[in-house]
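Structure assessment
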There are 2 protein chains.
Amino acid sequence: MTDSRFQRLTALRDALARADLDALLVTSLANIRYLTGFSGSNALVVITAKESLLLTDFRYATQVQAEVGAAATIRIEASNLWAGLWAHLTASPAIARLGFESFHMVHRDFQRLLEQGARWQWRPTTDLVEVLRVCKDSDEVAKIERAVAIAEAALHATLPQIRRGLSETQLAGILEHNLRDAGSEAFPFASIVASGPRSALPHARASERELHAGDFVLLDFGAVYEGYCSDITRTVVLGSASEAQRDVYAIVREANARASGAIRVGMPGMAADAVAREYIDARGYGEEFGHSLGHGIGLEIHEAPRLAKSIDAPLLAGTVVTIEPGIYRAGWGGVRIEDDVLLTDNGPRLLTSFARDLIEID
Amino acid sequence: MTDSRFQRLTALRDALARADLDALLVTSLANIRYLTGFSGSNALVVITAKESLLLTDFRYATQVQAEVGAAATIRIEASNLWAGLWAHLTASPAIARLGFESFHMVHRDFQRLLEQGARWQWRPTTDLVEVLRVCKDSDEVAKIERAVAIAEAALHATLPQIRRGLSETQLAGILEHNLRDAGSEAFPFASIVASGPRSALPHARASERELHAGDFVLLDFGAVYEGYCSDITRTVVLGSASEAQRDVYAIVREANARASGAIRVGMPGMAADAVAREYIDARGYGEEFGHSLGHGIGLEIHEAPRLAKSIDAPLLAGTVVTIEPGIYRAGWGGVRIEDDVLLTDNGPRLLTSFARDLIEID
């Protein structure tokens, strides 16, 4: 942990030097965790060529010491983190030109830079920390693997508990309880439990709808282990699947398998997306696969890179992405099958191993 | 629902006219839900004197029709919501001067306004919709009451399941399962389950620590019903409470009761905070109550107003706030007791009714 933080800081400092910046003001909580280890919900971090400063509030006084240790100078601010920032910068005459994170600062705070921070020069930056986060080191991969194992254990425990008459919300409760029992420290996003026609809503969450025989039941959820996320989707049928359900399921399964097998380091994100999309399109369901193929996972549940039509940047070794094709027929139902894949120089490695055969729940 | 949305739009349009704005670009998802009913995770809304336009993506095509209906013109954008926005504005010659939400737009999107949106005049606004949200109507209060009832039912079901050897994470799983069974559609924030010395961490979440006899067990959690949140904290003792635990608990309980009894419409937030703070301070624990007394709840788990030392604005009728004093002794443990209170012209009305006596779990 300590070692990787120092490596990250070194890489970031090189980037700051190349951008001719004396310092970076880090406001993204995920970037702050990556650089310092701090997992609280309120912090500002300033990285200079020689120093790392972390400002947080009273609530985290004990936690921040345990998580950050010597990786940054810690200041607990009694009132407002911004007041602490101005005091620190005023006492640091070597800092003249600072970057800030354009994607992670609201306009109101940007105005603070221009007003209370007017004596410094501020430059918008994008992705200075995020580009470091794309390629996971072995420690990060191990944490994602653990988060995958937790999610799969929870799914194994949940499937036998699915039955007619259960509401989607109740089923979400069972799944989330199993995630906690398997050791998930949080839920990376609101669990999607969508049954019957609601399975055609790609972002359905869970409702009071009760499960009926013949329903597709789509479960899209994840686990968190030491801050790192997993993200998995399986779609099952309650009772016996119809011919039409089998057909759609088989197409999605094949699209998933083709994309997971074909994705490679160096391939543009759009090419990975195309593998699944062209197959689904050729089977006549192109219009029913309306979202992109996948996204990176790590400290955030959605992070770089995206696997989408518009993305031409080549994929890098050490990236972990979701592969999640789907077919959604409004009013009828939908199927999505989502796996997590690590890209290595030796090819893709599936981190998820849960069965992809169509499961019919008695 | 429909009626209240039109009232809200009328009030907002009055505010736009006063601010000499032709339109407001709404980017806060909570504000979008308040104005249109849409609960998805990706949308832009433009409100003019005569029209409401909502832009979202494919994933929400079915959901947005059901939730928004005739309350706005709906456009499903194939690629990027911003491209749709520019097209709409270009086709609307009456729109010249627009407000945007300074607290709810990242700098990167603000740059879009200055670049692709350079032909329009953009004005930062703050709280134009939030000020409407402060005073809840009877329909909103009823939803918060339901969210409170769900949280309390879950707590009733959970307390008998607390036992030694359970980890905080496992206990969180039990609590969250009970929240789902009671009908919570989501978790408004990461459940805090903090035991023993960890109860002194005001934002502890849940860890692998196992519960021991003599531990304080602090549970801070909430429920969501039709988008509206509740927020409740109770602290119990596993086994028999020590004298010191009883003393600290009694002080927090009395501070909670005094603040809940004294808070009034027209009182500044700082005065409500002072009721609890002065009592705790007089008992010698002022330094150990490091956070503010409470915050508004509604569509968001933290919204206006704050009950804090620095807030001198008078409290309004129809506001729902938390009252959550605490005492935190590092390395020893902490107590927080949190209720939800509706402010009416006839005085405060406690929405939470769960017992505040110290509970010792056998």
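On a predicted model such as this, the values are computed, not experimentally measured, just so you know.

**Details of the sheet that holds strand β1 (residues 23-26) of chain A**
The strands making up a sheet associate through backbone hydrogen bonding, with each pair oriented either parallel or antiparallel. Residues and elements named next belong to chain A. The strand order across the open sheet built from 6 strands is β4-β3-β2-β1-β5-β6, with neighbouring strands paired in mixed fashion. Both edges of this open sheet fall to β4 (73-77) and β6 (121-125), since each of them pairs with a single strand only. On average, adjacent strands in this sheet sit at an angle of 25° to one another, irrespective of strand direction. The pairing of β1 with strand β2 (residues 43-48) spans 4 bridges and is classified as antiparallel. In the sheet register, Ala23 faces β2, and the bridge partner there is Thr48. On top of the sheet, helix α3 (residues 61-68) reaches β3 (52-57) and β4; it is set at about 170° to β4, its chief contact. The strands touched by helix α4 (residues 81-90) are β2, β3 and β4; relative to β3, the strand with the most contacts, the crossing angle is about 150°.

**Things to note about unusual backbone geometry**
Along the chain, Ala304 of chain A connects to Pro305 of chain A via a cis peptide bond; the corresponding omega equals 0°. Turning to its location among the elements, Pro305 of chain A is positioned in strand β13 (residues 303-307). We note that Glu226 of chain B has phi near 45°; this positive angle belongs to a residue other than glycine. Checked against the element boundaries, Glu226 of chain B lands in the loop between β9 (224-225) and β10 (228-229). Look at Glu226 of chain B and you get partly exposed, because 16 C-beta atoms sit within 10 Å.

**A look at the relation of the copies chain B and chain A**
If you rotate chain B by 180° and push it 0.0 Å along the axis, it lands on chain A with an RMSD of 0.0 Å. Those values place the two copies in the arrangement expected of a two-fold rotation axis. The C-alpha atom lying nearest the rotation axis in chain B is that of Val106 of chain B; the distance is 2.0 Å. Taken together, the interface assignments show that 100% of the residues at the interface of chain B recur at the interface of chain A, consistent with an identical surface on both copies.

**Quick word on the environment of Ala190 of chain B**
With respect to the helices and strands, the residue Ala190 of chain B is situated in the loop between α8 (168-181) and β7 (192-195). For the pair Ala190 of chain B and Asp14 of chain B, spaced 176 residues apart in sequence, the C-alpha to C-alpha distance is 37 Å.

**Overview of the sheet that holds strand β11 (residues 232-238) of chain A**
Residue and element names in this part refer to chain A. Pairing in this open sheet of 4 strands is mixed, and the strands run β7-β8-β11-β19 from one edge to the other. Lying at the two open borders of the sheet, with one neighbouring strand each, are β7 (192-195) and β19 (360-361). Strand direction decides the pairing type here: β7 and strand β8 (residues 216-221), joined by 4 bridges, are antiparallel. Counterpart to Ser195 in the pairing with β8 is Val217. Where helix α8 (residues 168-181) meets the sheet, its contacts fall on β7 and β8, and the angle it forms with β7 comes to roughly 140°.

**Focus on the environment of Ala30 of chain B**
Residues and elements named next belong to chain B. Residue position: Ala30 is located in helix α2 (residues 29-36). Assessed through the 18 C-beta atoms surrounding it within 10 Å, Ala30 is described here as partly exposed. Along the sequence, Ala30 and Gln65 sit 35 residues apart, while their C-alpha atoms lie 18 Å from each other. Once residues lying within four places of it in the same chain are set aside, the contact partners of Ala30 are Leu299 and Glu300.

**Some remarks on the interface of chain B and chain A**
Chain B puts 40 residues into the contact, and the matching count from chain A is 40 residues. Tallying contributions element by element places α8 of chain B first for the side of chain B that touches chain A, with 9 residues. Taken together, the residues that form the side of chain B that touches chain A break down as 16 nonpolar, 17 polar and 7 charged.

**Some details on the domain arrangement of chain A**
All names here are of chain A. As assigned here, chain A comprises domain 1 (2-132) and domain 2 (135-361). The distance between the C-alpha centroids of domain 1 and domain 2 comes to 35 Å. In this complex, domain 1 contributes 6 residues to the contact, which on the side of domain 2 involves 7 residues. Take the side of domain 1 that touches domain 2: its biggest share by element is 3 residues, from helix α2 (residues 29-36). The residue inventory of the side of domain 1 that touches domain 2, partitioned by class, reads 2 nonpolar, 2 polar and 2 charged.

The rules behind these values
Residues numbered from 1 in each chain as written. Chains lettered and ligands numbered in written order. Predicted model: local features only at pLDDT ≥ 70, side-chain atom pairs only at ≥ 80, totals over all residues. Pairing = 2+ DSSP bridges. Helix = DSSP H or I, 4+ residues; strand = E, 2+ residues; numbered from the N terminus. Axes fitted to C-alpha atoms, helices over the stretch in contact; angles between N-to-C directions. Contact = placed C-beta atoms within 7 Å. Buried ≥ 20, exposed ≤ 12 C-beta atoms within 10 Å, placed from the backbone. Least-squares fit on C-alpha atoms with pLDDT ≥ 70 in both. Nonpolar A, V, L, I, M, F, W, Y, C, P; charged D, E, K, R; others polar. Domains from an automatic or database assignment.

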